[in-house]
Amino acid sequence: MLNDPRTHGLWEKTAPPAPQTQPLAGKIEADVVIVGGGYTGLSAALHLAEAGTRVVVLEAKEIGFGGAGRNVGLINAGMWVMPDDLPGELGPVHGERLLDLLGNGPRAVMEIIEKHQIACELTKNGTLHCAVGDSGRKEIEARAEQWQRRGAPVELLSAAEAEARIGTSAYQGALLDRRAGTLQPLAYARGLAHAALSAGATLHTGSAVTAAARNGTRWTIDTTEGTVSADWLIVATDAYSHGPWQTVREEQVHLPYFNFATVPLTDDQRRKILPGLEGCWDTVEILSSFRMDARGRLVFGSVGALRGPGATIHEAWARRALAKLLPELADIDFETEWYGQIGMTDNALPRFHKFGPAAIGFSGYNGRGIAPGTVFGKVLARHILGQISEEELPLPVTDPKAPPFRTAKEAWYEAGAAIAHFAGARL
Ligand SMILES: Cc1cc2nc3c(=O)[nH]c(=O)nc-3n(C[C@H](O)[C@H](O)[C@H](O)COP(=O)(O)OP(=O)(O)OC[C@H]3O[C@@H](n4cnc5c(N)ncnc54)[C@H](O)[C@@H]3O)c2cc1C
């Protein structure tokens, strides 16, 4: 994307084309203007357009340029926070509401994909949270118990059962979450854009918003070449936020995360390694993730930025770690590589902000934005349509607040991941 193969890697190579869109030029009127062409903005646009609302999306670069086009493609149910801890963090009302909404998030994503026939390599076979060591086993046992108590279809697998599904004996078991799945993330974003356009939304790419002003009861949103006037404003810029909503970005600590995709595995290897195509990640603090794409390429990732010395260090680590995890892949070639920035909040939970009268947005998905972005986009649409009140939203309103030592923490995450990966394969 934008001629940089390290931004969107495999996903750029294999996604169906984006719809043809142009930069905004001149002045236009709308009911709702949405800033950001990722899952949150596109899902809001789709649901608003389906309800007959005049909606305009302004994306600074291209559809899926932010996290939506760079992620691993795990459609997770819930957040990192333990289910039992959520009511304590958010209060019982918002806590249980959020658990319910995000627990059902993957199903909402799958229904949209099926309804709009989005070609995005959807798999519905669940995800595996893989336990490393005794502490990892304890963590997944606690998660399993807490979700099962809520009636969620999660299952604790023994080491042998995990090995049969993954093809490695590295783990002391895994938590199988049958609600979850995988998809091709950029294809999903582009598919949402096609669906929103078909429903009547207007999309402008190459349209960075540079200014936002309230004029009477309406918003005036400026890009370099044009202006949109609208009753409502949705800010859906998350970790890639720039321009007037710098505060959204500054509230988060950016954690870099990279992926390498192998060449397609042989049929023999595919029969042994993830034959069920579950998406996987482990319980290690500097975690690793892996999954298959539709052609049988293994996508293997971890924390770190593929720039400067990190590019060489992380690639060397990925080769060693993959060889240790799945020795039959020791000599396999990497076909593509890419990385992006995950926006982390101080309590690992997303945020709902108001940016003025009739100006709203969700952000801060902590590396779990496919399902939350999709369902929160729909929630924003329903709120604007008057179908749910502010009191019924899944999160309380908060003001963006920058955490202390944000830039130092970001530098430490990037350097710390490089040091850890330089020191050796961790499995
Ligand atoms: C490497 C990586 C791996 C991840 N893995 C997973 C995963 O496996 N599963 C999962 O669920 N989530 C994952 N995530 C998180 C997920 O990708 C994000 O949470 C999700 O993309 C957020 O969606 P969004 O629409 O809110 O924001 P984004 O997708 O980031 O879109 C925001 C858009 O806003 C645009 N923008 C910003 N400022 C302006 C402006 N001033 N004017 C116009 N446009 C603007 C940006 O260009 C961008 O396209 C991962 C993220 C990364 C980076």
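Conventions we followed
- Residues numbered from 1 in each chain as written.
- Predicted model: local features only at pLDDT ≥ 70, side-chain atom pairs only at ≥ 80, totals over all residues.
- Heavy atoms only, no water.
- Helix = DSSP H or I, 4+ residues; strand = E, 2+ residues; numbered from the N terminus.
- Expected span 1.5 Å × (residues − 1).
- Contact = heavy atoms within 4.5 Å.
- Domains from an automatic or database assignment.
- Buried area = accessible area lost by both parts, 1.4 Å probe.
- Salt bridge = Lys/Arg side-chain N within 4 Å of Asp/Glu carboxyl O.
- Polar contact = N/O pair within 3.5 Å; in protein donor to acceptor, adjacent residues only side chain to side chain.
- Core = buried A, V, L, I, M, F, W, Y, C linked by side-chain atoms within 4.5 Å.
- Buried < 20%, exposed > 50% of the residue type's maximum accessible area, 1.4 Å probe, protein only.
- Pairing = 2+ DSSP bridges.
- Axes fitted to C-alpha atoms, helices over the stretch in contact; angles between N-to-C directions.

1. Considerations on helix 4 (residues 92–103)
Think of an α-helix as 3.6 residues a turn; residues three or four steps apart then line up on the same face. If you check helix 4, its first and last C-alpha atoms are 16 Å apart, about what 12 residues at 1.5 Å a residue would give, namely 16 Å. For helix 4, the elements touching its buried residues are helix 3 (86–90), helix 5 (105–115), helix 6 (133–149) and helix 12 (370–384).

2. A word on the domain arrangement of the chain
Domain assignment breaks the chain into domain 1 (5–126 + 179–411 + 413–423) and domain 2 (127–178). The gap between the C-alpha centroids of domain 1 and domain 2 is 25 Å. In this assembly, 33 residues from domain 1 lie in contact with 28 residues from domain 2. Together, the buried faces of domain 1 and domain 2 total about 2,400 Å²; carbon and sulfur atoms form 53% of this surface. Here domain 1 and domain 2 share 5 salt bridges between them. The interface formed by domain 1 and domain 2 contains 19 residue pairs in polar contact (both at pLDDT 80 or more). At the level of secondary structure, the elements contributing two or more residues to the side of domain 1 that touches domain 2 comprise helix 4 and strand 13 (279–282). With 4 residues, strand 13 is the single largest residue contributor to the side of domain 1 that touches domain 2.

3. Some thoughts on the nonpolar core
Soluble globular proteins tend to pack their nonpolar side chains together in the buried interior. Grouped together as the largest cluster of nonpolar side chains are 70 residues, with contacts concentrated most on Ile34, Tyr188 and Ile234. In this structure, Ile34 is in contact with Gly41, Ala44, Ala45, Leu48, Val55, Val56, Val57, Leu58, Ile234 and Ala236, ignoring residues within four places of it in sequence.

4. With respect to the sheet that holds strand 13
Pairing is mixed in the open sheet, where 8 strands are placed in the order 5-6-4-13-14-15-12-16. Bordering the open sheet on either side are strand 5 (154–157) and strand 16 (334–344), each of which pairs with just one other strand. Strand-to-strand twist in this sheet, taken as the mean axis angle between neighbours without regard to direction, amounts to 20°. Two strands pair when backbone bridges link them, and strand 13 and strand 14 (residues 288–292) are joined in this way by 2 bridges, in the antiparallel orientation. For Trp281, the partnering residue across the bridge sits in strand 14 and is Ser289. Helix-sheet contacts for helix 7 (residues 159–166) involve strand 4 (127–130), strand 5, strand 6 (174–177) and strand 14, and the interaxial angle to strand 5 is about 105°.

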